[in-house]
Amino acid sequence: MLEFNSSTPLTLGIELELQIVNRRDYNLTRGSSDLLQFINKQSHGFDIKPEITEGMIEIATSIHSDFRTMLHELLNIKSLMVLAADKLNLGLAGSGTHPFQHWEQQRIFPLERYRLVSELYGYLAKQFTVYGQHIHIGCGNGDDAIRLSHFLARYIPHFIALSASSPFYQGIDTTFQSSRLTSINAFPLSGYMPFVRNWEEFNIYFDKMKSMSIVAGMKDFYWDIRPKPEYGTVEIRVCDTPLTLETAVALAAYAQTLAKYFFEYGDQEPKQDLYLTYSYNRFQACRFGLNGALIDPITAKQVSIQTDILSTFEFLKEISIKIGTREAIEFLIERISNNDSDADWLRARYVKSGSLSDVVRQQCEIWMAPSFKLLDKAPNVEEANNQAIAY
Amino acid sequence: MDLSFLPDLPHSSNILTSAAIILFAGILGAFFITRFFPKIPTITGYILAGLLIGPMGLRLIDSAALNSIIPFIDLGLGLVLFELGRRVDFSWLCREKRLLIGSIVFSITVFMALLILMKIFSVNNAVAIMIAAIGMASSPAVILNLVREYGAEGQLSERMLNIVAIGNVLAFVGFSMGLSAAHLEYQTGWHNYIFHPLYLFGGSIILAWLASKTLIGFSHLFGRDAQRQLVLTLAMIAALAGISALFNLSAIIALLAFGIISRSRDLNHVIVEADFSQFSTIAYVFLFVFGGAKIEFQYLIKYWPFVLSFIVLRLLITIFMSTMLARFYRLSMRNSILLGIGLIPLSGFKIILLQNSITSPYMGAEWISIVLSAVGILELIGPICTRYTLFACGEARRKGGYDHVRIQQLNAINFGHRT
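All values derive from a computational prediction rather than experimental measurement.

Draft legend 1. Quick look at the overall build of chain B. In terms of regular secondary structure, chain B is built from 19 helices and 0 strands. Looking at chain B residue by residue over its 419 residues, the buried ones come to 53%. Accessible area for chain B stands at about 18700 Å²; split by element, carbon and sulfur atoms hold 68% of it.

The following block contains the structure:
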């Protein structure tokens with residue numbers, strides 16, 4: 001039986017997968033081993049690790065209660081990585097896909113697990129060179145984690161649309177706002193978690209899958225949202241890596257606000273009908289982003305994703321003020337109001353420059369530049385921590 | 001019967017048939033080498049093919065025919081040097097000064113070591129400087145070709161290419177100083193000692209700067225249209241090679257600098273990184289078959305102690321210096337040794353350099369042949385060493401994507417759970 005390690009509810013952590021490119025034509029390059037070797041020459045205490053192919057690197061935060069402290073940590077990680085990248089003449093960038101890399105040129109990172117994944121999934125492993133953001137939210141127990149996972153399923157299109165930053169793939173405009181999730185759909189254990197009502201039912205399901213040798217652990221499920229028993233969290237995995245750390249942190253703050261609502265007022269009994277429209281809504285978010293249609297499976301009403309996000313933000317106003325995430329939510333509202341989506345930004349850059357290579361160069365400039373907008377109005381770290389502890 | 005319509009048998013093949021012979025021989029050589037010795041680089045096949053058909057071998061192509069294709073060689077070398085220049089990121093070298101300084105120290109030490117060797121063999125000053133300069137730099141064509149052929153990516157490959165570019169610039173400056181020293185020895189006036197290198201270096205840089213401004217200006221006008229920029233860049237390379245010859249400037253420095261300046265001065269990033277792969281494949285065949293055909297071994301028996309000393313010393317000093325500079329290059333000790341091994345190929349352009357110096361009376365045909373013997377040996381073993389480096393450091397891409405035999409084995413297994 002899988003044991004769910006309890007964690008403090010509403011604590012936060014994020015993982016970000018980043019692109020490593022050369023600074024000549026800004027294609028992906030075999031840079032993760034060199035970068036890690038350089039960074040690890042001195043003790044830094046950050047969680048920076050390789051990903052499945054060598055043009056990827058993953059950073060993860062420690063556990064936070066407040067998005068501001070998380071942003072501070074991420075900025076420190078970024079400083080360290082930018083310094084190393086500058087010395088090695090590499091570029092680092094966000095966004096869900098590299099716009100013109102070719103999957104067959106990617107190299108599997110020399111780790112046993114990745115070698116096995118590559119042998120099992122064949123070319124899919126190299127096509128998995130896509131870049132996502134994972135958001136972890138702390139849960140007290142497995143039952144809460146299962147119910148929170150079902151609750152968040154309704155909001156998955158929000159996270160896809162708000163983070164969408166992968167319009168280009170293999171050198172062409174896919175017409176999607178987020179093409180990254182299409183790569184993940186190819187895996188047999190992708191999609192959403194089966195409808196189980198509590199941790200016990202989940203364990204029954206898991207044991208069956210394990211007894212059939214389909215999985216060995218939770219890592220083998222590539223679901224959009226999954227409980228992560230070893231961390232004691234629920235993990236949202238649908239976000240593209242945004243172009244900036246601020247957006248990444250604001251998305252985490254939004255997830256925290258939703259979770260806070262769930263823990264305080266949420267419907268404790270999940271409904272299976274939630275999944276009637278799940279795949280349709282998910283597709284709409286990937287294809288059209290904020291302009292996609294979202295059908296509420298309970299009321300059967302159809303609204304645009306943008307409208308649904310804004311009404312959710314309004315609905316969560318009080319709770320976001322209460323837990324100190326309003327600033328991050330307002331940051332997202334401002335982005336939506338200005339039609340400031342990463343996918344549209346990438347397309348606009350391409351129209352202007354006519355070169356995907358130049359688009360990646362600008363992505364690097366954005367990611368590697370100092371980031372502080374969210375912190376401008378923010379209290380200092382100690383204040384932020386105190387505020388977080390207070391709620 | 002009147003047979004006057006038949007042509008007279010030519011004494012020598014014309015430029016197009018020479019080109020055809022070289023291309024055909026090159027591709028056959030590459031085919032056989034890669035078929036029977038898959039771990040030997042394709043360019044070794046080109047070089048061996050050249051050796052086989054050239055004056056030292058079957059004499060299918062003679063010196064006159066070889067000389068007729070020099071314009072192709074100039075263009076091919078131009079392409080290689082421009083590409084190498086584009087790989088040099090001047091802003092990175094400014095940030096990463098230890099790489100710049102390390103490369104200069106490396107080149108100068110190799111130069112000095114070879115110069116001492118020349119003095120041991122009582123070579124006169126001017127010739128000694130020229131030969132030491134020749135030994136200073138590694139071959140841009142060999143190393144760039146192998147980096148591309150094996151898709152090598154990583155810090156060792158990047159550093160190796162930068163060291164090669166810096167070494168070649170210094171080598172040419174050293175060589176022209178040697179020439180000037182020779183001027184001085186032959187009492188053509190002291191001012192030549194200063195003005196000749198100054199003219200060569202300064203003039204070539206000014207030419208490269210003008211070419212870069214032109215390329216950037218036209219690229220701005222054309223927009224980021226890859227095809228137009230490709231044609232434009234090729235035109236500029238040809239023009240630069242031609243104008244350098246017209247003004248007795250260094251095409252090598254001019255083309256390398258053209259690549260470096262056109263990258264560093266392109267502030268609005270209007271130049272699209274051109275894909276020369278189709279052209280450069282043909283250029284490499286020309287370059288290496290030509291190089292192979294020009295190899296001479298007739299003085300090897302007589303002067304083997306000198307040739308052997310030259311090769312062994314260069315090999316040892318290259319590996320020793322790159323190991324000593326490991327910290328400067330931010331490489332591990334193992335990778336620094338590999339870097340030294342990778343830098344063994346001696347620059348093929350030296351052959352052309354030597355051809356040019358034949359016109360000057362200073363070096364003498366015998367010395368040229370002796371150096372060509374050393375170049376020939378290093379041309380043959382160098383690419384194998386560089387290939388070894390690129391694979392041993394893990395930066396080369398394994399060819400062919402998936403191993404089909406392994407896939408068949410895997411597909412036959414009932415996986416169960418493997419992750």
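Draft legend 2. Expanded view of the overall build of chain A. Along the backbone of chain A there are 17 helices and 13 strands. For chain A, the C-alpha radius of gyration of 20 Å lies close to 21 Å, the compact-globule estimate for 391 residues. The buried share among the 391 residues of chain A stands at 64%. When the accessible surface of chain A is split by element, carbon and sulfur atoms take 52% of a total near 14800 Å².

Draft legend 3. Seen up close, the confidence of the model for chain A. The predicted model of chain A has a mean per-residue pLDDT of 91, with 94% of residues at 70 or higher. Note on residues 378–391 of chain A: pLDDT is under 50 here. Beyond four places in sequence and across chains, it has 21 contacts.

Draft legend 4. Up close: the pattern of salt bridges. This model, assessed by the stated rule, comprises 33 salt bridges over all chains. A salt bridge links Arg335 of chain A to Asp342 of chain A, with the shortest nitrogen-to-oxygen separation between them at 3.2 Å. Asp342 of chain A matches Arg335 of chain A in its accessibility class, with the two residues each being buried. Where salt bridges share partners, they join Asp358, Arg361 and Glu365 of chain A together with Arg224 of chain B into one cluster.

Draft legend 5. Looking closely at the environment of Lys260 of chain A. For Lys260 of chain A, the position within the fold is in helix H9 (residues 245–265). Taking C-alpha positions, Lys260 of chain A is 9.9 Å from Lys322 of chain A, a pair spaced 62 residues apart along the chain.

Draft legend 6. Just the side chain of Arg154 of chain A, in detail. All names here are of chain A. Tracing the sequence through the fold places Arg154 in the loop between helix H5 (142–153) and helix H6 (156–163). Residue classification places Arg154 among the buried residues on the basis of a relative accessible area of 17%. At 3.0 Å, the side chain of Arg154 and the side chain of Asp308 are in polar contact.

Draft legend 7. Spatial organisation of the interface of chain B and chain A. Taken together, the 30 residues of chain B in the interface contact 36 residues of chain A. Counting the surface lost from both chain B and chain A, the interface buries some 2900 Å², and carbon and sulfur atoms represent 44% of this. Counting every contact that joins chain B to chain A gives 1 salt bridge. Residue Arg224 of chain B pairs with Asp358 of chain A through a salt bridge whose shortest N-O separation is 3.6 Å. For the pair chain B and chain A, the interface holds 16 residue pairs in polar contact (both at pLDDT 80 or more). Those elements that place two or more of their residues in the side of chain B that touches chain A are helix H4 (70–87), helix H5 (90–95), helix H9 (155–185) and helix H19 (404–412) of chain B. Here the side of chain B that touches chain A is built from residues that sort into 7 nonpolar, 8 polar and 15 charged.

Draft legend 8. The side chain of Thr61 of chain A, seen in detail. Checked against the element boundaries, Thr61 of chain A lands in the loop between strand E3 (56–60) and helix H2 (67–88). Residues within four places of Thr61 of chain A in sequence aside, it is in contact with Gly13, Ile14, Met70, Glu73 and Leu74 of chain A.

Draft legend 9. Structural view of the pairing of strand E2 (residues 47–50) of chain A. Of the two faces of E2 of chain A, only the one carrying Ile48 and Pro50 of chain A is buried; Asp47 and Lys49 of chain A on the other face are not. The hairpin turn running from E2 of chain A into E3 of chain A, its antiparallel successor, is 5 residues long.

Draft legend 10. Helix H7 (residues 125–136) of chain B, seen in detail. Residues and elements named next belong to chain B. Spanning 12 residues, H7 covers 16 Å between terminal C-alpha atoms, matching the ideal 16 Å at 1.5 Å per step. In terms of burial, H7 is a largely internal element, 11 of the 12 residues being buried. The set of residues buried in H7 consists of Ala126, Val127, Ala128, Ile129, Met130, Ile131, Ala132, Ala133, Ile134, Gly135 and Met136.

Draft legend 11. Representation of the pairing of strand E10 (residues 225–228) of chain A in the model. Residues and elements named next belong to chain A. Of the two faces of E10, the one holding Ile225 and Pro227 and the one holding Arg226 and Lys228 are both buried throughout. Two strands pair when backbone bridges link them, and E10 and strand E11 (residues 233–240) are joined in this way by 4 bridges, in the antiparallel orientation. Across the sheet, Ile225 pairs through a bridge with Ile236, a residue of E11.

Draft legend 12. Up close: the nonpolar core. Ranked by size, the top nonpolar core spans 128 residues in total, and within it Phe258, Phe288 and Phe310 of chain B carry the most contacts. The greatest single-element share of this core, amounting to 13 residues, is contributed by H9 of chain B. Counting residues in each nonpolar core, the second largest holds 123 residues, with Leu10, Phe195, Phe221 and Leu245 of chain A among its members.

Draft legend 13. Molecular detail of the state of the cysteines. Enumeration over the complete set of coordinates arrives at 0 disulfides over all chains. Free cysteine: Cys239 of chain A, not disulfide-bonded; nearest cysteine sulfur from Cys286 of chain A at 11 Å. Not part of a disulfide, Cys393 of chain B finds its nearest cysteine sulfur in Cys385 of chain B, a span of 14 Å. Looking at Cys393 of chain B, the relative accessible area reads 11%, which means it is buried.

Draft legend 14. Just the confidence of the model for chain B, in detail. Residues and elements named next belong to chain B. With 85% of its residues at a pLDDT of 70 or more, chain B shows a mean pLDDT of 84. At the low end of the mean pLDDT range in chain B sits helix H17 (residues 349–358), at 53; at the high end sits helix H16 (residues 333–342), at 95. In this model residues 414–419 is a low-confidence stretch, pLDDT under 50, and it forms 17 contacts with partners more than four residues away in sequence or in other chains. Predicted complex, confidence summary: ipTM 0.84, pTM 0.88.

Draft legend 15. Focus on the packing of aromatic side chains. Across all of its chains, the model carries 38 aromatic pairs over all chains by this definition. With centroids separated by 6.0 Å and ring planes inclined at 15 degrees, the aromatic side chains of Tyr284 of chain B and Phe288 of chain B adopt a geometry described as stacked. Of this pair, Tyr284 of chain B and Phe288 of chain B both sit in helix H13 (residues 277–293), separated by 4 residues, roughly a single helical turn. On the basis of relative accessible area, Tyr284 of chain B is assigned to the buried category, the value being 4%. Taking the relative accessible area as the measure of exposure, Phe288 of chain B reaches 3% and is therefore buried. Through pairs of rings, three or more aromatic residues link up here, namely Phe4, Trp199, Phe202, Tyr205, Phe206, Phe221 and Trp223 of chain A. The lysine or arginine in question, Lys228 of chain A, covers the ring of Tyr231 of chain A, its NZ or CZ lying 5.3 Å from the ring centre.

Draft legend 16. Geometry of unusual backbone geometry. Positioned with a positive phi, Ala300 of chain A is a non-glycine residue whose angle comes to about 65 degrees. As for its position among the elements, Ala300 of chain A is in the loop between strand E12 (293–295) and strand E13 (302–304). Phi at Asn248 of chain B takes a positive value of approximately 55 degrees, unusual for a residue other than glycine. One can find Asn248 of chain B in the loop between helix H11 (226–246) and helix H12 (251–264). Taking relative accessible area as the criterion, Asn248 of chain B reaches 59% and is therefore assigned exposed.

Draft legend 17. Structural context of the packing of helix H14 (residues 304–324) of chain B against H16 of chain B. Residues and elements named next belong to chain B. Contact geometry of H14 with H16 gives a least axis separation of 8 Å together with a crossing angle of 150 degrees. Here the hand of the crossing between H14 and H16 comes out right-handed. Where H14 approaches H16, its residues Thr318, Ile319, Ser322 and Thr323 are matched on the opposing element by Met333, Ser336, Ile337, Leu339, Gly340 and Ile341. By residue class, the composition of the contact of H14 with H16 is 5 nonpolar, 5 polar and no charged.

Draft legend 18. Structural view of a nonpolar patch on the surface. Taken together, the side chains of Phe24, Ile27, Leu28, Phe31, Phe32, Phe36 and Phe37 of chain B define a hydrophobic patch exposed on the protein surface, amounting to about 750 Å² of accessible area. With respect to the helices and strands, the residue Phe32 of chain B is situated in helix H1 (residues 15–36).

Draft legend 19. Looking closely at the environment of Glu54 of chain A. Residue and element names in this part refer to chain A. Looking at where Glu54 falls in the secondary structure, it is placed in the loop between E2 and E3. Expressed as a C-alpha distance, the spacing of Glu54 and Arg30, which sit 24 residues apart in the sequence, is 4.9 Å. Here Glu54 is in contact with Ile20, Thr29, Arg30, Gly31, Ser32, Ser33, Arg107, Ile108, Phe109 and Pro110, once residues within four sequence places are set aside.

Thresholds, definitions, all that
Residues numbered from 1 in each chain as written. Chains lettered and ligands numbered in written order. Predicted model: local features only at pLDDT ≥ 70, side-chain atom pairs only at ≥ 80, totals over all residues. Heavy atoms only, no water. Helix = DSSP H or I, 4+ residues; strand = E, 2+ residues; numbered from the N terminus. Buried < 20%, exposed > 50% of the residue type's maximum accessible area, 1.4 Å probe, protein only. Areas by Shrake-Rupley, 256 points an atom, 1.4 Å probe, with all protein chains shown as cover. Rg over C-alpha atoms; globule rule 2.2 N^0.38 Å. pLDDT = per-residue confidence, 0-100. Contact = heavy atoms within 4.5 Å. Salt bridge = Lys/Arg side-chain N within 4 Å of Asp/Glu carboxyl O. Polar contact = N/O pair within 3.5 Å; in protein donor to acceptor, adjacent residues only side chain to side chain. Buried area = accessible area lost by both parts, 1.4 Å probe. Nonpolar A, V, L, I, M, F, W, Y, C, P; charged D, E, K, R; others polar. Pairing = 2+ DSSP bridges. Expected span 1.5 Å × (residues − 1). Core = buried A, V, L, I, M, F, W, Y, C linked by side-chain atoms within 4.5 Å. Disulfide = S-S within 2.5 Å. Phe/Tyr/Trp six-rings, centres within 6.5 Å; stacked < 30°, edge-to-face > 60°. Lys NZ or Arg CZ within 6 Å of the ring centre and 35° of its normal. Axes fitted to C-alpha atoms, helices over the stretch in contact; angles between N-to-C directions. Left-handed = near helix turned anticlockwise from the far one by under 90°. Patch = residues over 30% accessible without salt bridge, like charges linked within 9 Å, V, L, I, M, F, W, Y side chains within 5 Å.

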